[in-house]
Amino acid sequence: QVQLVESGGGSVQAGGSLKLSCAASAYSAGYMGWFRQTPGKEREGVATISSTTTYYSDSVKGRFTISQSVDKKLLYLQMKNLKPEDSAMYYCAAGGSGNGRTQSLDGSRYYYWGQGTQVTVSS
C-alpha cells in the first residue's frame, strides 16, 4: 500500500508563488498527479506526470510545473502567478491508469490519494 502526504499549502496573495510537495511511502506504477477541489465544484485534474510526459489543465498551463524525484517517491507542484480561482484543496494522487492527457487528468483513474493541503489565494 502507498501512503501519500502533502505539504506546502498556505495563503498567498494573487501573483505569488507556492510549491507543494508530496511524499510517497513507496513507488507505484502509472501516473502521479495533483488534483484540486473547491466546495460546490467538480474535482479538477491540475497536472500529471509519468517518466516521460507531463500534462496540465488548460487553466494552469504556463503557470504551474509538476516534477518528481528519480525514485518517484517525491512529487512537487511549483505554482506561480497564482490567481484567486486557484484557491482549493489540493490532493496528491498516485497509481493513475490509462493513456494520454484526458485519462491522466481523470481522478477516477487513481488508486492512492493524500489527505490534501489547502491553498488560498487572495486578491
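Before reading on, note that the structure itself is shown above.
Residues numbered from 1 in each chain as written. Predicted model: local features only at pLDDT ≥ 70, side-chain atom pairs only at ≥ 80, totals over all residues. Heavy atoms only, no water.

**With respect to the state of the cysteines**
Note the following rule: Working definition: a disulfide is two cysteine sulfur atoms within 2.5 Å of each other. Secondary structure elements are taken from DSSP: a helix is a run of H or I of four residues or more, a strand is a run of E of two residues or more, and numbering for both begins at the N terminus. Partly exposed describes any residue whose relative accessible area lies between the buried limit of under 20% and the exposed limit of over 50%, with all areas from a 1.4 Å probe on protein chains only and scaled to the type maximum.
Taken as a whole, this structure holds 1 disulfide when the rule is applied. Put simply, C22 and C92 are joined by a disulfide, and their sulfur atoms are 2.0 Å apart. Note on the C22 and C92 pair: the S-S dihedral is about -70 degrees, so by sign convention the disulfide is left-handed. You can see C22 sitting in strand 3 (residues 18-24) and its partner C92 sitting in strand 9 (residues 88-96), a full 70 residues away along the chain. Pair check on accessibility: C22 and C92 agree, each one buried.

**A word on the environment of V60**
Cut-off, in case you're wondering: By the convention used here, residues are in contact when the closest approach between their heavy atoms is within 4.5 Å.
Along the chain, V60 turns up in the loop between strand 6 (54-56) and strand 7 (64-68). Taking C-alpha positions, V60 is 9.6 Å from N81, a pair spaced 21 residues apart along the chain. For V60, the contacting residues outside a window of four places in its chain are R36, V46 and D86.

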